[in-house]
Amino acid sequence: QVRLVESGGGLVQPGGSLRLTCAASGSLFRVSVMGWYRQAPGNQREVVATITSGGGTNYADSVKGRFTISRDNAKNTVYLQMDSLKPEDTAVYYCNVRPAFQGYWGQGTQVTVSS
């Protein structure tokens, strides 16, 4: 059984920063590719960043150079550091394995970028 709990969202002004945290339960975390996804109103859910068990990363073009994904396998946790936030980053952010497994979706955490 895997459970993923996201936290760290909030309201931030354009240009600001937030750090999202995904706490995972389950023994498969350490061997799993993990990803951060987001869904804005009216849009499909999209992958934002992924990280392999060994720390290899990949980013969507829209966030490259602004977001940083990391993980702490000892703590079963994945992070998303978001800098230079833009209004178009406003969305509900989720973590999941990559490729995503339907049964692992959590409640997500809302990020709103607005002045």
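Report follows, based on the coordinates. None of these values were measured; they are calculated from a predicted model. (Residues numbered from 1 in each chain as written. Predicted model: local features only at pLDDT ≥ 70, side-chain atom pairs only at ≥ 80, totals over all residues. Heavy atoms only, no water.)

### A word on the packing of aromatic side chains
1) Next: Counted according to the given criterion, the structure contains three aromatic pairs.
2) Next: For the pair Y94 and W105, a centre-to-centre distance of 5.7 Å together with 75 degrees between the ring planes defines the contact as edge-to-face. Of the two residues, Y94 sits in strand β9 (residues 91-97) while W105 sits in the loop between β9 and β10 (109-113), which places them 11 residues apart along the sequence.
3) Next: Residue classification places Y94 among the buried positions, given a relative accessible area of 11%.
4) Next: Among the aromatic residues, ring-to-ring pairing joins Y37, Y94 and W105 into one connected group.
5) Next: Here the guanidinium or amino end of R19 rests over the ring plane of Y79, the centre of that ring lying 4.0 Å away.
6) Next: One cation-aromatic arrangement involves R45 over Y94; the distance from NZ or CZ to the ring centre is 4.1 Å. (Phe/Tyr/Trp six-rings, centres within 6.5 Å; stacked < 30°, edge-to-face > 60°. Helix = DSSP H or I, 4+ residues; strand = E, 2+ residues; numbered from the N terminus. Buried < 20%, exposed > 50% of the residue type's maximum accessible area, 1.4 Å probe, protein only. Lys NZ or Arg CZ within 6 Å of the ring centre and 35° of its normal.)

### Considering unusual backbone geometry
1) Next: Following R98, the chain continues to P99 via a peptide bond in cis, the omega torsion being 0 degrees.
2) Next: Its location among the elements puts P99 in the loop between β9 and β10.
3) Next: For N76, which is not glycine, the phi torsion reads 50 degrees and is therefore positive.
4) Next: Looking at the element boundaries, N76 is found in the loop between β7 (67-72) and β8 (77-82).
5) Next: Given a relative accessible area of 13%, N76 falls into the buried group.

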